[in-house]
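The primary structure of each chain is shown beneath.
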Amino acid sequence: MEIKNNTDKLQSIIFAMALGVCQGLIGFPWSEELLLQVSHVLWILFVSVIGFLILDTNRISRWRSVFFVVLAVFFILHFKASLIGLGKNPFFSSDVQEVPYCHIAMASSFLNYLYQQYLAFQSGSWKLWGPLSLGVLWLAVTLSIGRAWCSWACFYGGIDDGISRVLPKPLVKKYTFNKTLRDLPAAILIFMTLVSLSAMLPIFCLWLCPLKITTAFLDTHSPTRLLQIILFSAIGISTLIVLPLILKKRFFCGLICPFGAWQSFFGRINPFRVAIAPDKCTQCGLCLKSCPTFVLNDDALKNHTISAYCNLCGECIDACPQNAMTYTLLGRPIHLFKSKCLTRLFNAKTFFVFSCLLVGGAVGGLFVPPRIAYFLEVVFKQ
Amino acid sequence: MILMAEGFILGLSTGPYCLTACAPLLAPYLMADAPASWKTQIRALIEFVAGRLTAYVIFGLTAGFLGKNLSGPLSAKIIQSALIVSGLLMLLYFFKKASPHTSLCAALWRPAWAKRFPFVLGCLVGINICPPFVAGLSRVIDIGSAGMGMLYFLAFFAGTTLYLMPLLIVLPLSVIKRAQTIGTLMCGLAGLWFIAKGLLGFFSR
């Protein structure tokens, strides 16, 4: 037994080390100053430790959420603090004070981006082809982790994920949920895409997105501006704070975010899925209760099917007492080797977790290390 | 003849904007509507286009007849009101689709106009705040003749209608149950959006 545990630990360490090495190869700032390099090492260590804990404890969503919340907190800290002059400018240019890459804005203003690209091609200036390169980046992320972006790498998602975990039990346990509401993000996405093109403005960002409080300070100079702030503050307070707190569900990610709908459509090109093993499932419904984004329902459970809206957070996998739910590659768990020892290291779950932490780590690498470097600088100066 | 050509060219050159102005109202409606057949859907689109034509003719006649008397603030008020009514209609349609058995919904949906919903919607969209339309309107006010105004807007209509054809791609989607649900939810969003837009238009003046 002891030997088996040691082997498991060793495998988890190998997994974490491989993750750390790949993280380093992807984005280590070799030419930057020492403090930033130290911060990067700390971040890589953190991601590797999360990988180790997931494999060692087999509690996927618990450790994923720690990583996810840290990502969101550092994102807010970095952008908000930079706006008041604490640290370097986080934006690509001082002229355009927008988040360098907001996937939610891109999805809900997709037709505008296409139109801008058409104009950019017409102009012949390659410098204007920015959204195209962001499109390539998005494609790479979607091919790597698909819909899992929303639970493993989105720098906003950790907000309602974190808040939904503050209380040990939901304050309201019995409520009815209309299944059709799960399609609201798709409706918001298509409608916002159309009105954004009509107005030539990112309407979702201007009117509904509460997440821009993480990256900007807002003026109330005109009645329209005031109304916009009231509206998205109300949406933010209700769907990012109050409802996640009392129901322990990720309301914004599950029922509002248009990028979630976008990714659930295009994310199908990615092979990773969550699947239910019909022979193991006892229909106990624990997965249904634990699902934070309203993906599972009675019908799905009866038919052992998972909706395309699933963002592979792993909550249902952790909750299932029968181990009936698991990550798969196109519905298959994948066992490349006959040896049990190697199977534990090379299966659909480890491939998936590895990809997600690699992508999430690379995304976090853009803003977590600079913020750690700033804190270290402040501490060492004192 | 030259005037008609001018209206047609204005319609052709600014038609994409007409598509973007109409799509937020027409696309949700076409998606949400579960048709008995494609013919019913195409008939709905034709009714919508006929509604636009009627609105253009009436507006062309009125603008040409009133000439300079049709002041900016008055036309702006008509446009904002049309937006609010369009929004209310879309909300009503949303409630009809979401809970068709509610007594209020059934009562509101009974009148004859409700059976010609796409036509009414087309009329209201026809007098929407689309900039090409406003450009045409100012030209007709300058002309100051009812007949010429009507002809100008007929030609303008012909130029812009070509651009509504891409909306036909929505039709095959409406047979999918999930697309209908999404379309119904979009109708609700469209209702709220156009009411808010119309009210803001009133208050910002």
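The structure contained in this document is the topic of the report that follows. Just so you know, these numbers come straight off a predicted model, no measurement behind them. Per chain, residues are indexed from 1 in the order of the written sequence. Chain letters and ligand numbers both follow the written order, the letters beginning at A and the numbers at 1. Only residues with pLDDT of 70 or above have their local features reported here, since the model is predicted, and side-chain atom pairs are shown and tallied only from 80 upward, although totals for entire chains, interfaces and linings are computed over all residues. Values reported for side chains reflect all heavy atoms of the structure, with hydrogen atoms and water molecules removed beforehand.

## Side note on helix α1 (residues 2-32) of chain B
Part 1 of the reasoning: In this description a helix means any DSSP run of H or I spanning at least four residues, a strand means any run of E spanning at least two, and both kinds are numbered starting from the N terminus. By this rule, a helix spans an expected 1.5 Å times one less than how many residues it contains. Between its first and last C-alpha atoms α1 of chain B spans 42 Å; for 31 residues at 1.5 Å apiece the expected length is 45 Å, and the two agree.
Part 2 of the reasoning: Throughout, the bend at a residue refers to the angle made by two axes, fitted to the seven residues ending there and to the seven starting there. The largest bend in α1 of chain B comes to about 60°, at T14 of chain B, with the proline P16 of chain B one to four residues further on.

## Some thoughts on the interface of chain A and chain B
Part 1 of the reasoning: Contacts are assigned to residue pairs that have any heavy atoms within 4.5 Å of one another. Facing the 17 residues of chain A at the interface are 16 residues of chain B.
Part 2 of the reasoning: Accessible-area loss on putting two parts together, using a 1.4 Å probe and summing over both, is the definition of buried area adopted here. Carbon and sulfur atoms supply 81% of the area buried between chain A and chain B, which totals about 1,600 Å² over both sides.
Part 3 of the reasoning: Contact with chain B buries surface across chain A, with D183, F191 and S198 of chain A losing the most and accounting together for 35% of the total.
Part 4 of the reasoning: Considering every element that reaches the side of chain A that touches chain B, the biggest residue donor is helix α9 (residues 184-199) of chain A, with 10 residues.

## Notes on the layout of surface pockets
Part 1 of the reasoning: Of the pockets and cavities examined, the largest pocket occupies roughly 1,400 Å³.
Part 2 of the reasoning: Looking at the largest pocket, it is lined by 42 residues, and the ones nearest its centre are K249, L288, K289, S290 and C291 of chain A.
Part 3 of the reasoning: Only α14 (286-290) and α15 (298-303) of chain A together with α9 (177-203) of chain B provide two or more residues apiece to the lining of the largest pocket.
Part 4 of the reasoning: The greatest single-element share of the lining of the largest pocket, amounting to 5 residues, is contributed by α15 of chain A. A 1.4 Å probe that fits but cannot get out identifies a cavity on a 1 Å grid over protein atoms alone, an open set with protein on both sides within 12 Å along at least five of seven lines counts as a pocket, and a residue lines either if it has an atom within 4 Å of a point. Grid points are joined across faces, edges and corners, and a volume is the space filled by probe spheres set on the points.

## Details of the packing of α1 of chain B against helix α6 (residues 117-126) of chain B
The relative placement of two packed helices is expressed as an angle between their axes plus a distance between the axes.
Residue and element names in this part refer to chain B.
Part 1 of the reasoning: It is the contact of α1 with α6, at a shortest axis distance of 11 Å, that shows an interaxial angle of 170°. It follows that α1 is roughly antiparallel to α6 by the angle criterion. Across the interface between the two elements, C22, L25 and Y29 of α1 pack against F117, P118, L121 and V125 of α6.
Part 2 of the reasoning: Each residue is assigned to one of three groups, with Ala, Val, Leu, Ile, Met, Phe, Trp, Tyr, Cys and Pro labelled nonpolar, Asp, Glu, Lys and Arg labelled charged, and all others, Gly among them, labelled polar. In the contact of α1 with α6, the residues fall into 7 nonpolar, no polar and no charged. An axis is simply a line fitted to the C-alpha atoms; with a helix, the fit covers only the stretch in contact. Between two such axes, the angle follows the N-to-C directions and lies from 0 to 180 degrees. By the definition adopted for this analysis, an angle is roughly parallel if under 35 degrees, roughly antiparallel if over 145, roughly perpendicular if from 65 to 115, and oblique otherwise.

## Remarks on the packing of α1 of chain B against helix α2 (residues 38-66) of chain B
All names here are of chain B.
Part 1 of the reasoning: The contact between α1 and α2 brings their axes to 12 Å, and the two run at 140°. Judged by the angle between their axes, α1 and α2 are oblique. For the pair α1 and α2, the sense of crossing is right-handed. For the pair α1 and α2, the contacting residues are C18, C22, L26, Y29 and L30 in the first and Q41, A44, L45, F48, R52 and Y56 in the second.
Part 2 of the reasoning: Considering only residue class, the contact of α1 with α2 consists of 9 nonpolar, 1 polar and 1 charged. Definitions for this section: a left-handed crossing has its near helix turned counterclockwise from the far helix by less than a right angle. A right-handed crossing has that turn clockwise.

## Section: the side chain of S355 of chain A
Residues and elements named next belong to chain A.
Part 1 of the reasoning: Locating S355 in the fold gives a position in helix α18 (residues 348-364).
Part 2 of the reasoning: Per-residue accessibility, obtained with a 1.4 Å probe over protein chains only, is compared with the maximum for each type, and a residue is labelled buried under 20%, exposed over 50%, and partly exposed between these values. On the basis of relative accessibility, which here comes to 18%, the residue S355 falls in the buried class.
Part 3 of the reasoning: In this structure S355 touches S144, I145 and F272, once residues within four positions along its chain are discounted.

## Thoughts on the state of the cysteines
Residue and element names in this part refer to chain A.
Part 1 of the reasoning: A pair of cysteine sulfur atoms is labelled a disulfide when the two atoms are within 2.5 Å. Under the criterion given, the structure shown has 0 disulfides over all chains.
Part 2 of the reasoning: Sulfur of C316: no disulfide; nearest cysteine sulfur belongs to C310 and is 6.1 Å away.
Part 3 of the reasoning: Here C316 falls in the buried class, since its relative accessible area comes to 10%.

## As for unusual backbone geometry
Negative phi is the rule for most residues except glycine; trans is the rule for most peptide bonds.
Residues and elements named next belong to chain A.
Part 1 of the reasoning: One non-glycine residue, M200, lies in positive phi territory at about 55°.
Part 2 of the reasoning: Inspection of the secondary structure puts M200 in the loop between α9 and α10 (203-208).
Part 3 of the reasoning: Exposure remark for M200: the relative accessible area of 40% places this residue in the partly exposed category.
Part 4 of the reasoning: With a phi angle near 55°, H304 is a residue other than glycine that sits in the positive phi range.

## So, the packing of aromatic side chains
The geometry of an aromatic ring pair is captured by the separation of the ring centres together with the interplanar angle, meaning the angle of the planes.
Residue and element names in this part refer to chain A.
Part 1 of the reasoning: Pairing of aromatic side chains here covers Phe, Tyr and the six-membered ring of Trp, requires ring centres within 6.5 Å, and sorts the geometry by plane angle: under 30 degrees stacked, over 60 edge-to-face, intermediate tilted. In the structure shown here, the tally under the stated rule is 30 aromatic pairs over all chains.
Part 2 of the reasoning: Considering the side-chain rings of F155 and F367, the 5.9 Å spacing of their centres and the 90° angle between planes classify their relative orientation as edge-to-face. Of this pair, F155 sits in the loop between α7 (149-152) and α8 (158-163) while F367 is found in the loop between α18 and α19 (368-381), placing the two residues 212 residues apart along the sequence. For the pair F155 and F367, one class covers both residues: buried.
Part 3 of the reasoning: A centroid spacing of 5.1 Å and a plane angle of 75° characterise the contact between F251 and F294, whose relative ring orientation is edge-to-face. Separated by 43 residues along the polypeptide, F251 in helix α12 (residues 251-256) and F294 in the loop between α14 and α15 bring together distant segments of the chain.
Part 4 of the reasoning: Taking relative accessible area as the criterion, F251 reaches 12% and is therefore assigned buried.
Part 5 of the reasoning: These aromatic residues form a ring-pair network of at least three members: F75, W149, F155, Y156, F259 and F367.
Part 6 of the reasoning: We call a charge positioned over a ring when the NZ of a Lys or the CZ of an Arg lies within 6 Å of the ring centre and within 35 degrees of the ring normal. Above the plane of the ring of F294 lies K249, whose end atom (NZ or CZ) is 5.8 Å from the centre.
Part 7 of the reasoning: Over the ring of Y374 we find R371, and its NZ or CZ is 4.8 Å from the ring centre.

Function cannot be inferred from these measures alone, as they are strictly geometric.
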